[in-house]
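Letter by letter, the chains look like this.
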Amino acid sequence: MQKEELILILDFCGQYNQLIARRVRECNVYCEIVRHDISAEEVKKRGAKGVIFTGGPASVYAENAPKCDPEIFNIGIPVLGICYGMQLMTYTLGGKVERAEKREYGETEVKLGESILFDGFGDENICLMSHTDYVESLPEGFERIAYTPSCPYAAIENKDKQFYGIQFHAEVNNTVNGITFLDNFVKKICGCSGSWKMSSFAKETVEALREKIGDGKALCALSGGVDSSVAAALLNEAIGENLTCIFVDHGLLRKNEGDEVEEVFGKRFKSKFIRVNAEERFLIKLAGVDDPETKRKIIGEEFIKVFEEEAKKIGKVDYLVQGTIYPDVVESGKGIGATIKSHHNVGGLPDYVDFKEIVEPLRDLFKDEVRKVGRELGIPDYLVDRQPFPGPGLAIRVIGDITKEKLDILRDADYIFREELERDGINKEANQYFAVLTNVRSVGVMGDYRTYDYMLALRAVTTADFMTAAFTRIPYDTLERVSARIVNEVKHINRVVYDITSKPPATVEWE
């Protein structure tokens, strides 16, 4: 991967931190999210061309407020502070931050002054404000470059030292053309060329994997989803027959999915393909478990055990390949921010794994970047655009304890929902859609009989990056037809509801 031009994003636990990274990469500049307390020496060692401080929920004056290494301001690289990041820069360099009399939140008209940060903008712009504290006075060497009626310092700069701060969130869609602010910073201020592309990632990753693994053997945790498929394709290119793709059918897949995965991956790759039918084994382990985090950890541990067993059957295997991607790493909290939920291939792994090393070639990429790599590798669109599916499968779409009966109910209902959305072309608008079998039973009536059966929830979201998502506006006629089919064709469901919650505050999955 080309990392000569690196932007580091210091994480202060703000809700849009991953989105900042996504926007910088849209500028064709490689970036990574790191801990807020990374040392200035490490920033320098890594050769970062610029640093971005994210927003965050804390006040700079709070006792346990996250702080940065102040030496970052002395190593000669540009710094951009966003929201809390701007307040922290102000506070650290001798300015004053105070609690605002009135919290400023929402789309706000910001008056813009002269600054290279604002190249391409007029005298004003609609930006998203979300803050309680504000900058009251500036550190030495800083000037105001933007303001609002209630925020005297909506943006500031120290042009000589290339320090910039914006109180608004440039990374969200609510800020008009907000990506241009970030593009100006990384290219015109930090001097990045914007030459980072997925094609270079694929080529360089294959070469790096070939050099790393050499004549060694690897197992790939192949689920048939986009992430593991692209990871397998990279390894297939790198080491060919020295790769064994192991597909664990844990009985938690969607309808017909196990057979579809075997049909595609058992014939397409040069590497070896093994299907392990382990439904009974997983269901025994999951019996009576209703906590989602426990489900994830059980599934992660059992996955590894299956791989270890298969590895022993085929001889010495040095590497385990997984399709871990960047949101998995960040949401699992691996030393960066708060844990949102652990992922079976990150937080759910056991302490000891019987392989020389775990290889995760996609762990620095977002979902849409993974799809681009897949296309670069020649994977057909019908696989690259496959519906996202969580590693723990239907285990986290059955709320409460898991039984084979519940899984079969959900499989049939989910199949109908997906079939109807594809029939009406809504699958082109919705980026992810699925059914959830809730743990709620309700009274219904069918014919002359009273029923007391499960309530099924439908979920569909539209998103560009899966960091934020809006619920998809499915036409009522489609929802009505889906509901009627499910209630009539799937036993033990007598009520269907549609989830209209966006992300945030919800996540895409229910568990």
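Please refer to the structure placed before this passage.
Just so we're clear, the structure is a prediction, and the values are computed from it rather than from any experiment.

(A) Just helix H6 (residues 226-239), in detail. Here H6 is 14 residues long and its end C-alpha atoms lie 20 Å apart, about the 20 Å a rise of 1.5 Å per residue gives. Among the 14 residues in H6, 13 count as buried, and that is most of the element. Once H6 finishes, glycine 240 follows within two positions and takes phi at roughly 55 degrees, a positive value.

(B) Inspection of the packing of helix H8 (residues 279-286) against helix H9 (residues 292-314) at higher detail. Across the interface, H8 lies against H9 with an axial gap of 10 Å and an inter-helix angle of 145 degrees. Crossing of H8 against H9: the hand is right-handed. Between H8, through Arg281, Phe282, Lys285 and Leu286, and H9, the contact on the second element is made entirely by Lys295, Ile298, Ile299, Glu302, Phe303, Lys305, Val306 and Glu309. Residues that form the contact of H8 with H9 fall into these classes: 6 nonpolar, no polar and 6 charged.

(C) How the structure looks around the pattern of salt bridges. Enumeration over the complete set of coordinates arrives at 40 salt bridges. Residues participating in the shared-partner salt-bridge network are Glu419, Glu420, Arg423, Asp424, Arg481, Arg485 and Glu489.

(D) Quick look at the environment of threonine 205. Structurally, threonine 205 can be placed in helix H5 (residues 198-213). Residue threonine 205 is classed as buried on the basis of its relative accessible area of 9%. Counting along the chain gives 161 residues from threonine 205 to phenylalanine 366, while the straight-line C-alpha distance between them is 16 Å. Here threonine 205 is in contact with Leu234 and Pro361, once residues within four sequence places are set aside.

(E) Expanded view of the nonpolar core. Ranked by size, the top nonpolar core spans 118 residues in total, and within it Leu10, Phe53, Phe307, Leu362, Leu456, Leu458 and Ile486 carry the most contacts. When residues no more than four places from it in sequence are discounted, the contact partners of phenylalanine 53 are Leu10, Phe12, Cys68, Ile72, Phe73, Val79, Leu80, Gly81, Ile82, Gly85 and Leu88. Residues Ala21, Cys83, Tyr164 and Ile166 belong to the second largest nonpolar core, which totals 51 residues.

(F) Region of interest: the sheet that holds strand E10 (residues 218-221). Spatially, the 5 strands line up as an open sheet ordered E12-E11-E10-E13-E14, and their pairing is parallel. Each edge of the sheet is formed by a strand with only one pairing partner; in this case those strands are strand E12 (272-277) and strand E14 (357-359). Along the sheet, successive strands turn relative to each other by an average axial angle of 25 degrees, direction set aside. Direction of pairing for E10 relative to strand E13 (residues 319-321): parallel, over a ladder of 3 bridges. In the strand pairing of E13, cysteine 220 is matched with valine 321. Strands strand E11 (243-249) and E12 of the sheet are contacted by helix H7 (residues 257-268), whose axis makes an angle of about 165 degrees with E12.

(G) Local environment of the packing of aromatic side chains. The full count for this structure, using the stated rule, is 12 aromatic pairs. Seen from their ring centres, phenylalanine 121 and phenylalanine 181 are 4.1 Å apart, and the 10 degrees between their planes marks the pair as stacked. Pair noted here: phenylalanine 121 is in the loop between strand E5 (96-112) and strand E6 (124-137) and phenylalanine 181 is in helix H4 (residues 178-189), with a separation of 60 residues, a long-range link. Taking relative accessible area as the criterion, phenylalanine 121 reaches 17% and is therefore assigned buried. For the ring pair phenylalanine 247 and phenylalanine 273, a centre distance of 6.4 Å and an interplane angle of 20 degrees mean the geometry is stacked. Of this pair, phenylalanine 247 sits in strand E11 while phenylalanine 273 sits in strand E12, and the two are 26 residues apart along the sequence. Exposure remark for phenylalanine 247: the relative accessible area of 0% places this residue in the buried category. Through a chain of ring-to-ring contacts, three or more aromatic side chains come together here, namely Phe12, Phe53, Phe73, Tyr84 and Phe163. It is arginine 441 that lies over the ring of tyrosine 454; its NZ or CZ is 4.1 Å from the centre.

(H) Main features of the packing of H5 against helix H11 (residues 367-376). At a minimum axis separation of 9 Å, H5 and H11 run at an interaxial angle of 70 degrees. Considered as vectors, H5 and H11 are oriented roughly perpendicular to each other. Of the two elements, H5 crosses H11, and the hand of that crossing is right-handed. Listed contacts from H11 to Met198, Ser199, Phe201 and Ala202 of H5 are Glu369, Lys372, Val373 and Glu376. Partitioned by chemical class, the residues of the contact of H5 with H11 number 4 nonpolar, 1 polar and 3 charged.

Conventions adopted
Residues numbered from 1 in each chain as written. Predicted model: local features only at pLDDT ≥ 70, side-chain atom pairs only at ≥ 80, totals over all residues. Heavy atoms only, no water. Helix = DSSP H or I, 4+ residues; strand = E, 2+ residues; numbered from the N terminus. Expected span 1.5 Å × (residues − 1). Buried < 20%, exposed > 50% of the residue type's maximum accessible area, 1.4 Å probe, protein only. Axes fitted to C-alpha atoms, helices over the stretch in contact; angles between N-to-C directions. Left-handed = near helix turned anticlockwise from the far one by under 90°. Contact = heavy atoms within 4.5 Å. Nonpolar A, V, L, I, M, F, W, Y, C, P; charged D, E, K, R; others polar. Salt bridge = Lys/Arg side-chain N within 4 Å of Asp/Glu carboxyl O. Core = buried A, V, L, I, M, F, W, Y, C linked by side-chain atoms within 4.5 Å. Pairing = 2+ DSSP bridges. Phe/Tyr/Trp six-rings, centres within 6.5 Å; stacked < 30°, edge-to-face > 60°. Lys NZ or Arg CZ within 6 Å of the ring centre and 35° of its normal. Parallel < 35°, antiparallel > 145°, perpendicular 65-115°, else oblique.

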